[in-house]
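Topology and contacts: notes
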Amino acid sequence: MMSFQNVLTEEIDGYHYVFVVSNMRGSGSNSKVQSPVSPKTPSMSLREEKIIEDYFQLLSEFNFDQARELTERERDLTKSNITSHWHMFVNALILLANDEKSYMSLSFLGPKWFSTRHKDTLRNSYQNLIADFRKIYENVQQNEPHVNLDVLLGHLCEHLEHFPMARLRTMDLYEQLTTIGNNRNFNYEDPVMVCTEIVNTFQKCFHHPLLSHLKTSFNYECEIIQHLLTTQIQVSELDYLPALLQLHQAHTKLAQWGTCLPAKELAPVPSVGPVVAKSTVPAADPMAHTASRTKRSAFSVTSSRQNSCLTLFTWLLKYKNLLLSKFSIYFYEIINKNANSPLEMRNLCSKLPEDYYTRITNFEKKADIFVFLIVADTNGLNHCYTNNGYFHPSRSLPKPQGINSFPSIFKYPADRNVHKHWPNILMIINRKKSHDQGSQEKVIWFYDKNAHSTYFITLVEFRISLVVITDGKRSERDSPISNFLAEFTTQLRCNKHFASLKPG
């Protein structure tokens, strides 16, 4: 039986396959068998795909100038064909690199005296990018492309048009956060809900494999701010374990995102993890197990020569550090019970970005006070507060009532007996809460002749009050005490940090 063989090619899913067609004389049938020795060769240009991949990796590593230069060189090479989809796509990527640099520097918030026209420049540019990506996608669809590169660009633009939309939403979020500095009663649950909505809306957008670096960076940013704002809520509600877990999540994701930072922007100092009881989460660098290139700490951005492109990252890092210090002082008694010794606890606090414990001890000596207290109002909490920290959820504990519902969560010196002062403290706190917001901002002064003591009390947030008690009568305008309480209150609220989003 004689046979004849022909070789032909066929395109399947964007790849060329080589087939051997065998015609068996006398069989009356043709059989097509894939040759085991024929290579599988992509038909699209690997060069353009490599440029796209490198570009988005540079963006994720905050190398916006290099990303722009890469696409500018490609634009110059394609000037002879300015109507091609590739040339149009490269031009859009140049604009995206510029916009991302402005976004990460938070320049869109700008000083308060900036005109609306200047502040809206970035917003308008992102809106133009949406139109550019949409135009490329529609052109590709209308022309029924036969070139695989055009097919790829159509898919990418279909994904990428959602990214500027997401950026416009996060810009609105940061605008909202700038108002916190002027509003002590700001509801932090609002921006948390906004973050959740942004993540849910765009979680299935711009997820093409070539955009994986862009997607990962965007997810880090949204999840970090979500964790930090949730931490702020839970610390203020004295919810120990959930606050600890949220803070640790923010710490871990900041470290992971920080591995993308340029090496020259990092200083070789160890990171500071959450200061917690040794029985919960260790205060170690969560990235210590990763490869050598990721051993750079995300918590050591140099301040002497800070890159403006890292402004947003640095702001999130500082916010995490402020919450870490706040967590350590609000839950000081809980953490101290699990420390090996008071000295170990003081050493841990000394490594914090803001060592509130040392500041309080120095203030006590300088102002010659009897005691400094942080008092909590546990009435109406959704959980049962206990100064022992976490307890098993199936264990039922009675909620504190009456005078016990206003525990002291921090006291220095720790050996001071303040039992006789408690009626006065509760009276002043409850009276202060009943006043309008303007009065709540002031430091309340009260002198009790019978106790021969002077009280200075200020409200940090709805559940937390700072209390200073002195022996004898002290002036209502005692500046060391009043100034310390005002400054300490502002720091615990993170007011200045939120106001720093919009300088000037």
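Note that the coordinates shown come from a computational prediction; the quantities given were computed from them, not determined experimentally.

1. Things to note about the overall build of the protein chain
Tallying secondary structure elements over the protein chain gives 18 helices and nine strands in all. Within the protein chain, buried positions represent 51% of all 504 residues. Relative to all contacts within the protein chain whose residues are 6 or more apart in sequence, the contacts with residues 24 or more apart total 70%. Split by element, the accessible area of the protein chain, about 24,500 Å² in all, is 51% carbon and sulfur.

2. Let's talk about the sheet that holds strand S5 (residues 371–376)
Spatially, S6-S5-S9-S8-S7 is the arrangement adopted by the five strands of the open sheet, whose pairing is antiparallel. Each edge of the open sheet is held by one strand with a lone partner, namely strand S6 (408–412) and strand S7 (444–448). Averaged over neighbouring strand pairs, the angle between their axes works out to 20° when direction is ignored. Judged from the five bridges that link them, S7 and strand S8 (residues 453–461) form a sheet pairing that is antiparallel. In the sheet register, Ile-444 faces S8, and the bridge partner there is Ile-457. Docked against the sheet, helix H15 (residues 422–433) engages S5, S6, S7, S8 and strand S9 (464–471), running at close to 45° with respect to S8. Sheet contacts for helix H17 (residues 479–493): S5, S8 and S9; angle to S8, the most-contacted strand, approximately 20°.

Conventions we followed
- Residue positions within a chain follow its written sequence, with the count starting from 1.
- Residue-level local features of this predicted model are given only where pLDDT is at least 70; pairs of side-chain atoms are given and counted only at 80 or more, and the full residue set underlies all totals for whole chains, interfaces and linings.
- Only hydrogens and water are set aside when side-chain values are computed; all heavy atoms of the structure are taken into account.
- By definition, any uninterrupted DSSP run of H or I lasting at least four residues is a helix, any uninterrupted run of E lasting at least two residues is a strand, and each is numbered from the N terminus.
- Throughout this description, buried means an accessible area under 20% of the type-specific maximum (1.4 Å probe, protein chains only), exposed means over 50%, and partly exposed covers the range between.
- Residue contacts are counted whenever heavy atoms from the two residues lie within 4.5 Å of one another.
- For the accessible areas, the method is Shrake-Rupley and the probe is 1.4 Å, while residue cover comes only from the protein chains on display.
- Strand pairing requires that DSSP identify at least two bridges connecting the strands.
- Angles run from 0 to 180 degrees between N-to-C directions of axes, and those axes are lines fitted to C-alpha atoms, restricted for helices to the stretch in contact.

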